[in-house]
Amino acid sequence: MVEVFYPNLVHPDPALARQVNTQVDDAMAALIDRFKTNAAADSAPGSRSTLLVEVAPELVSEGIFSISGVVFEVYGVSGRGSSGRLGRIFDLGDASPVLAADLFIQGDLTRLAESARQHLIVDVLGDESALAGPDGLLPDPANFDAVWLTATGIGVGFDQYQVAAPEVGNPAVLIPFAELADAIDTAGVLAALQDDGTLPE
């Protein structure tokens, strides 16, 4: 079973809305294809695999949009299940995905990792002892593959077990641009946000 929920972006510029919605459709199609491949490898007569996805797009500027949400997968025979955060950033200029490292000077994720850790403790967990360990928060691109932009900051999502006990689920934090100002690469994909005053001086 596959259930994928996401609204279409509505915008006064129909060509821009169409471009964004096509990108979201393509990203969801790739996710579904990966799920079907995994499910086929873990199937048997009468078994059932399930993919549930809920995401929402956000147009951050005329040139950048993000999607963010959650993904839940269960595979038939093994009963293996996983849940995680989904976050993607797209540059509409060249229709390419943007990685977390693309947002920072020299691709250094250290400041993002430090800020995410602090926000997890303060906003989600309430206590540093609730962190599962350091590995899931190391400034490694693999730990920050669910990242999205909003009008006020950078969202970071984590998979179940990545940074805390499983009962915490899939935590997410929003880090204001101001906290990351001296680490953000304003000459890169975020130049448009610098130009329109979204990023702090």
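Residues numbered from 1 in each chain as written. Predicted model: local features only at pLDDT ≥ 70, side-chain atom pairs only at ≥ 80, totals over all residues. Heavy atoms only, no water.

Draft legend 1. Summary view of the sheet that holds strand 7 (residues 153-157). Across the sheet, which stays open at both edges, the 3 strands sit in the order 6-7-8 with antiparallel pairing between neighbours. Across the chains shown, the open sheet's two edge strands, defined by having one partner strand only, are strand 6 (147-149) and strand 8 (172-176). The sheet shows a mean angle of 25 degrees between the axes of neighbouring strands, taken without regard to direction. As paired strands, strand 7 and strand 8 are joined by 5 bridges and run antiparallel to one another. In the sheet register, Gly153 faces strand 8, and the bridge partner there is Pro176. (Pairing = 2+ DSSP bridges. Helix = DSSP H or I, 4+ residues; strand = E, 2+ residues; numbered from the N terminus. Axes fitted to C-alpha atoms, helices over the stretch in contact; angles between N-to-C directions.)

Draft legend 2. Layout of the sheet that holds strand 1 (residues 2-5). Here we have 5 strands laid out as an open sheet, ordered 1-2-3-4-5, and mixed in their pairing. Bordering the open sheet on either side are strand 1 and strand 5 (96-98), each of which pairs with just one other strand. This sheet shows a mean twist of 25 degrees between the axes of neighbouring strands, independent of strand direction.

Draft legend 3. Broad picture of helix 1 (residues 14-41). Over its 28 residues, helix 1 extends 41 Å from the first C-alpha to the last, a length consistent with the 40 Å expected when each residue adds 1.5 Å. Among all positions of helix 1, only Leu16, Ala17, Val20, Asn21, Gln23, Val24, Met28, Leu31, Ile32, Phe35 and Ala39 are buried. Next to the buried residues of helix 1 lie strand 1, strand 2 (50-59), strand 3 (64-74), strand 4 (81-91) and strand 5. Of the residues that open helix 1, the one with a side-chain oxygen 3.0 Å from the backbone nitrogen of Ala15 is Asp13. (Expected span 1.5 Å × (residues − 1). Buried < 20%, exposed > 50% of the residue type's maximum accessible area, 1.4 Å probe, protein only. Contact = heavy atoms within 4.5 Å. Polar contact = N/O pair within 3.5 Å; in protein donor to acceptor, adjacent residues only side chain to side chain.)

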